[in-house]
Amino acid sequence: DAQRAIYLLDAAGRLLVQMSRDGRELARFSLPSTLPEPTGFYVSESLEVVYSLHGTKMVATSIAR
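Undergrad: Provide a residue-level description of the sheet that holds strand E6 (residues 57-62), including the pertinent values.
TA: Reading across from one edge, E4-E5-E6 is the order of the three strands in this open sheet, with antiparallel pairing throughout. Among the strands making up the open sheet, the edge pair consists of strand E4 (40-44) and E6. Each neighbouring strand pair of the sheet contributes to a mean axis angle of 20°, computed without reference to strand direction. Relative to strand E5 (residues 49-54), E4 runs antiparallel, the two sharing five bridges. Paired with Val 43 across the strands is Val 50, a residue of E5.

Procedures and definitions
Along each chain, numbering runs from 1 in the same order as the chain's sequence is written. The model is predicted, so local features are restricted to residues of pLDDT at least 70 and side-chain atom pairs to those at 80 or more, both for listing and for counting; the totals for chains, interfaces and linings are taken over all residues. Values reported for side chains reflect all heavy atoms of the structure, with hydrogen atoms and water molecules removed beforehand. DSSP-based pairing: two strands are paired if at least 2 bridges between them are found. By definition, any uninterrupted DSSP run of H or I lasting at least four residues is a helix, any uninterrupted run of E lasting at least two residues is a strand, and each is numbered from the N terminus. Between the N-to-C directions of two axes lies an angle of 0 to 180 degrees, each axis being a line fitted to C-alpha atoms and, for a helix, fitted only over the stretch in contact.

Right under this line is the structure:
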């Protein structure tokens, strides 16, 4: 309930998709293409950052608009 949106990871496309709670797409965020496919992620809406795991590397990507 604390999150305003639902986030989906398209690992092969290296995209994070932000959806509204009623199913509308709100935004797409690109993840680094120079790293392996992401295997996991965590979104901090308060910090406007997505943390994604790429093999042994963790990357922080801004989702600020």
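The structure having been displayed, the exposition proceeds.
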